[in-house]
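# Working through the structure, step by step
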Amino acid sequence: MIGLELYLGVSALLFVIGVLGVLVRKNAIVVFMCVELMLSAVNISLVAFSSYMGDVHGMILVFFVLCVAAAEACVGLAIVIAIYRNNITADISKINLLRW
Amino acid sequence: MNPMAEYVWLIMAIPLAGFLINGLVGLSSETYRNQKNVIGWLATIAVFVPFLISLQIFLSMSAGSEPVVVRLFTWIEAGNFTSDVAYRVDQLSMLMALVVTGVGALIHLYSMGYMKDDEGYWKFFTYLNLFIFAMLNLVMANNLVLLFLGWEGVGVCSYLLIGFWYKDMVKSSAAKKAFIYNRVGDFAFLIGMFLVFRTVGSLDFDVIFNNIALFTPDLAFWVCVLFFVGATGKSAQIPLFVWLPDAMAGPTPVSALIHAATMVTSGIYLITRFSALYMTSPEAMLLVAVIGGLTAIVAATIALTQNDIKKVLAYSTVSQLGFMFLALGSGGYVAAMFHLVTHAFFKACLFLGSGSVIHAMHHVEHELDHEGKKLKFDPQDMRNMGGLRKYMPSTYKTFMISTIAIAGLPFFSGFFSKDEILAYLFNAGMVGEYGAIYFVLWGLALVAAFLTTFYMFRLTLTTFHGTFKLPAKVKGAEDSAKYLHESPMNMTLPLWVLAILAIFGGLIGIPEFFVSTFTTADVNVNWLYEWLRGVTTRETIVLSVTTMWILAFIAIAVAVISTLLAFRMYNSDNADASDAAIKKRFGALYTVWEDKYKLDEVYESTIIKPGFNISDRGLAVFDIKVVDGTVNAIGSIVQFFGSLLRFVQTGVIQTYAIAFVIGVILIIGLLIF
């Protein structure tokens, strides 16, 4: 039987990879994938806790997270495409209009 | 309680309504502006109806009537200070209201002819009605605040009307000058009001007059002096009189209404109103008399040298106002009011007459222009005139009558009032501790009276007698005399009414001794004295009847000699030679008169220039360097820190995300440990 710690460890690892990806990658699509990675990490820990506690609420919550992630991916990608059409780039370090 | 007094608010409301209708409709409608007859008649009626109401109230009163105060509403309420819009119906205020509305209505009628071709016709009548409204507030007010409202209101109207042809820079700066000189006086007047309020705790006339005893001699002196300084501004006395001659830039009916008959007499009214206070301070009275005497003689000497027909009349007005202040200063408040009334008649008539002449001269200029001759001459310069009596008989006759009246020749109105002033001056010389000074002032007044007669006949004779001089003076105007014509009916009618008043106006104040010498019966022929007895105080006459007769004969002698002299020097086209002769006789003195005592230049160099320099080199520098500097310094400090901190905002989302992450780590760290 694999212990809870292991699941949580994988989840934390994935989450940190996601955070680092969001912080350092320049390509908007990759940043986006990293956000999905973070969401998946959260899902893993939710499922792990759910089965550990014998409570299905956690599982249900995962479905909601997946839905939100899908919706967010739609909207987010649409925005990325719109920006790309305007700027001919998806490099987010170049998209810095909110500056001084 | 007088039932008629209930209608007193109408006296104020009707001119105000006239002002609003003509002003607002004229402002919004082009077609209305061209309805000159409607505008003119509306404005005239808006003054004539209040005249009838005043007359009605006046007739329903008697000399013994108690003052009636009509309170309309509370105007200002602050702490323990309240000020009502309340009007006082008493003998003095009704007398003033009659003069203002009566002369005002005549001048409105005259203006309909005079301003006929002016494009600002509607504006002119709007301003005139506003002026009448303000002036009535001034004379009818029951407290100093409302009086001050009228006081400032007439100042504004005076400004608007002097600068009526505002496109001419000279005229608009004359308007500014008048306004600013008045401001100096108004400042003192305000301080005086503050002093009164501090002493009595109210600005209502009743309260003030019932508490005269609260004024210590020092306080009474200062209040009187401050009020008097206010009066010198409005009534054009030394040192503030220089604005009045320049005010002649306005249309002539304005000069007649505002700068001769009504507004400039408001200072006299104010002091007469406060006669009870002035009587407690002989020093203040002396100051009033001295300033009045100096003004009378200074203005009369300047008038002698002027050639502009309106300028002569302007200086004459200043001089006559000086006479009124002489009367006030010697305790003859009724005499001052008497001269005010008669002066309103004959000086308004003279100004309107001069307007009629200028109108004719303008017409000549206009017609010559039509002929294709572009001639430049001053239509107000009396050296270009002469012989006008042939062409303008009505104007000539009325002008002559008024000249005789102002000259003080017997049995015309000016004779009675001027004689009474001289009698009061002499009387003040006999009593009181400053007698000697009053005797000197009496002498000055006699000289001023002599000069008045002389320069007025110089003006009249040069303008109307002899031959028409324009053809000789200006090349190309040889047959211009054919364009001279009498003014229309609506201009000559007011002239005749005023001329008749100038003849008979004196009958309201025939001196007592005229009759008491011949009869022992107790008669009250001096109606004005009886009328104003309850409202004003006055010095008692200690002179014997014989002395009064002698004084009267001295005054007559002075006037007659002066008249004869003027006729000899100016009757037959010898004005230039006579002016030269006078100039030769007086030499340097004449130059001083001609330069108007260089008062404008003195003010320019002692007050305006230093004031300008202080502002330019001191205050302006302080403002730019210190005030602006402080503000700018604060601004640049903020800007400096901003310029450092702005680098925090990179605009790159990842920078913000890092801040998020660090924040989250910190919070979780705090929660765990």
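Every chain is numbered independently, its residues counted from 1 as its sequence is written. For this description, chains carry letters from A and ligands carry numbers from 1, given in the order in which they are written. Only residues with pLDDT of 70 or above have their local features reported here, since the model is predicted, and side-chain atom pairs are shown and tallied only from 80 upward, although totals for entire chains, interfaces and linings are computed over all residues. Derived side-chain values reflect all non-hydrogen atoms in the structure, with water molecules and hydrogen atoms excluded from consideration.

## Re the overall build of chain B
The helix count covers DSSP runs of H or I at least four residues long, the strand count covers runs of E at least two residues long, and both are numbered beginning at the N terminus. Scanning chain B from terminus to terminus reveals 28 helices and 2 strands. Taken along its principal axes, the extent of the C-alpha atoms in chain B is 125 × 70 × 55 Å. The buried share among the 673 residues of chain B stands at 57%. In this analysis, two residues are considered to be in contact whenever any of their non-hydrogen atoms come within 4.5 Å of each other. Taking contacts inside chain B between residues at least 6 apart in sequence as the whole, the part at least 24 apart equals 79%. All accessibility values rest on the Shrake-Rupley procedure with a 1.4 Å probe; residue burial counts only the protein chains present in the view. Only carbon and sulfur atoms are counted for the fraction: they give 68% of the accessible area of chain B, which is about 27500 Å². Partly exposed residues are those whose accessible area sits between 20% and 50% of the maximum for their type, while under 20% is buried and over 50% is exposed, using a 1.4 Å probe and protein chains only.

## Points about the overall build of chain A
Each helix and strand in chain A was counted, giving 3 helices and 0 strands. Helices and strands appear in chain A in the N-to-C order α-α-α. Here the radius of gyration uses the C-alpha set of atoms, whereas the globule reference equals 2.2 Å times the residue count to the power 0.38. For 100 residues, the compact-globule estimate of 2.2 N^0.38 gives 13 Å, and chain A exceeds it by more than 25% at 17 Å. Considering only C-alpha atoms, chain A reaches an extent of 50 × 25 × 25 Å along its principal axes. Counting contacts in chain A only where the partners sit at least 6 residues apart, residues at least 24 apart contribute 55% of the total. For chain A, the exposed surface amounts to about 6900 Å²; the carbon and sulfur share of it is 76%. If the 5 positive side-chain charges of chain A are averaged to one point and the 5 negative ones to another, these points end up 23 Å apart. Counted charges follow a simple rule, with Lys and Arg positive, Asp and Glu negative, and His plus the chain ends left uncounted. Charged side chains are reduced to one point each, which is NZ for Lys, CZ for Arg, CG for Asp and CD for Glu.

## What about the environment of Phe660 of chain B?
Residue and element names in this part refer to chain B. Within the element layout of this structure, Phe660 appears in helix H28 (residues 653–672). Taking relative accessible area as the criterion, Phe660 reaches 63% and is therefore assigned exposed. Along the backbone, Phe660 and Phe673 are 13 residues apart, and their C-alpha atoms lie at a distance of 20 Å.

## Quick notes on helix H12 (residues 266–273) of chain B
For H12 of chain B, the tally of buried residues reaches 8 of 8 residues, placing the bulk of the element in the interior. Within H12 of chain B, burial applies to Ser266, Gly267, Ile268, Tyr269, Leu270, Ile271, Thr272 and Arg273 of chain B.

## Some points on the environment of Leu97 of chain A
Residues and elements named next belong to chain A. Note on placement: Leu97 falls in the segment after helix H3 (57–87). The class for Leu97 is exposed, based on a relative accessible area of 81%. A C-alpha to C-alpha distance of 14 Å links Leu97 and Tyr84, two positions 13 residues apart in sequence.

## Examining the side chain of Ser83 of chain B
Residue and element names in this part refer to chain B. Take Ser83: it is sitting in strand E2 (residues 81–89). Judged by relative accessible area, Ser83 falls into the buried class, the value being 2%. If sequence neighbours within four positions are ignored, Ser83 has contacts with Thr74, Trp75, Ile76, Asn143 and Val145.

## Digging into unusual backbone geometry
Residue and element names in this part refer to chain B. A cis amide bond, omega 5°, links Ile238 with the succeeding residue Pro239. With phi around 60°, Tyr597 is a residue other than glycine that occupies positive phi space. Tracing the chain through its elements places Tyr597 in the loop between helix H26 (588–594) and helix H27 (599–645). Take Tyr597: its relative accessible area is 28%, and that puts it in the partly exposed class. Residues other than glycine seldom take positive phi values, yet Lys598 does so here, at roughly 55°. With respect to the helices, strands and loops of the structure, Lys598 is situated in the loop between H26 and H27.

## Examining the nonpolar core
Here, the term nonpolar core denotes a set of buried Ala, Val, Leu, Ile, Met, Phe, Trp, Tyr and Cys residues that are joined through side-chain atoms within 4.5 Å. By size, the foremost hydrophobic cluster in this structure holds 236 residues, and its most contacted members are Leu144, Phe227, Phe241 and Tyr278 of chain B. Every residue in contact with Leu144 of chain B, bar those within four places of it in the chain, is listed here: Phe189, Met193, Val196, Leu203, Phe205, Ile208, Phe227 and Phe274 of chain B.

## Brief notes about the interface of chain A and chain B
Listed per partner, the contact involves 14 residues of chain A and 11 residues of chain B. In protein, a polar contact means a hydrogen-donor-capable atom and an acceptor-capable atom, both N or O and within 3.5 Å, with residues adjacent in sequence counting only if both atoms are side-chain atoms; elsewhere, any N or O pair within 3.5 Å suffices. One can count 2 residue pairs in polar contact (both at pLDDT 80 or more) joining chain A with chain B. Sorting elements by how many residues they give to the side of chain A that touches chain B places helix H1 (residues 4–24) of chain A first, with 4 residues.

## Things to note about the pattern of salt bridges
Residue and element names in this part refer to chain B. Just to be clear on terms, a salt bridge is a Lys or Arg side-chain nitrogen sitting within 4 Å of an Asp or Glu carboxyl oxygen. Scanning all chains against the criterion turns up 20 salt bridges over all chains. As a salt-bridge pair, Asp84 and Arg71 come within 2.9 Å of each other at their nearest N and O atoms. A residue pair is termed long-range when its members are at least 10 positions apart, and Asp84 in strand E2 and Arg71 in strand E1 (residues 68–78) qualify at 13 residues. Since its relative accessible area comes to 13%, Asp84 is described here as buried. Residue classification places Arg71 among the partly exposed residues on the basis of a relative accessible area of 45%. Lys171 is the partner of Asp168 in a salt bridge, and the nearest nitrogen-oxygen pair spans 3.8 Å. Since its relative accessible area comes to 32%, Asp168 is described here as partly exposed. For Lys171, a relative accessible area of 22% puts it in the partly exposed group. Salt bridges sharing common partners tie together Arg88, Asp90, Asp206 and Arg273.

## Focus: helix H5 (residues 121–140) of chain B
For H5 of chain B, spanning 20 residues, the distance from its first C-alpha to its last is 29 Å, which sits close to the expected 28 Å at 1.5 Å a residue. Burial of H5 of chain B is extensive: 19 of the 20 residues sit out of reach of the surface. One fewer than the residue count of a helix, multiplied by 1.5 Å, yields its expected span.

## What to know about the packing of helix H16 (residues 333–370) of chain B against helix H21 (residues 489–504) of chain B
Residues and elements named next belong to chain B. Lines fitted to C-alpha atoms define the axes here, with helix axes fitted over just the stretch in contact, and angles between the N-to-C directions of these axes take values from 0 to 180 degrees. Contact geometry for H16 and H21: axes closest at 8 Å, N-to-C directions at 150°. In terms of their interaxial angle, H16 and H21 are classed as roughly antiparallel. Viewed along their axes, H16 and H21 form a crossing whose handedness is left-handed. Each of Phe345, Phe346, Ala348, Cys349, Leu352, Gly353, Ser356 and His359 in H16 lies in contact with H21, whose residues at this interface are Met491, Pro494, Leu495, Leu498, Ala499, Leu501 and Ala502. Gly is placed with the polar residues, together with every amino acid not listed as nonpolar (Ala, Val, Leu, Ile, Met, Phe, Trp, Tyr, Cys and Pro) or charged (Asp, Glu, Lys and Arg). Class assignment for the residues of the contact of H16 with H21 results in 12 nonpolar, 3 polar and no charged. Comment on the angle field: the value is read as roughly parallel under 35 degrees, roughly antiparallel over 145, roughly perpendicular from 65 to 115, and oblique elsewhere. Helix crossings fall into two classes, left-handed where the near helix is turned counterclockwise from the far one by less than a right angle and right-handed where it is turned clockwise.

## Let's talk about the packing of aromatic side chains
Residue and element names in this part refer to chain B. Aromatic contacts are taken between Phe, Tyr and Trp rings whose centres are within 6.5 Å, Trp giving its six-membered ring; a plane angle under 30 degrees counts as stacked, one over 60 as edge-to-face, and the others as tilted. Scanning the entire structure with this criterion turns up 36 aromatic pairs over all chains. Working rule: Lys NZ or Arg CZ, within 6 Å of ring centre, within 35 degrees of ring normal, means a charge sits over the ring. Looking at Lys123, its charged tip hangs above the ring of Phe164, at a distance of 5.8 Å from the centre. The ring of Phe647 carries Arg646 above its face, with NZ or CZ at 5.5 Å from the centroid.

## Examining the confidence of the model for chain B
Values of pLDDT, the confidence the predictor places in each residue, fall between 0 and 100. Averaged over chain B, the pLDDT score is 90; the fraction of residues at 70 or greater is 99%. Taken over the whole predicted complex, pTM reads 0.82, whereas the ipTM for its chain interfaces reads 0.85.

## Topic: the state of the cysteines
All names here are of chain A. The disulfide definition used here is simple: a pair of cysteine sulfur atoms within 2.5 Å. For the structure shown, the criterion picks out 0 disulfides over all chains. With no disulfide partner, Cys34 has as its closest neighbouring cysteine sulfur the one in Cys74, 19 Å distant. Judged by relative accessible area, Cys34 falls into the buried class, the value being 10%.

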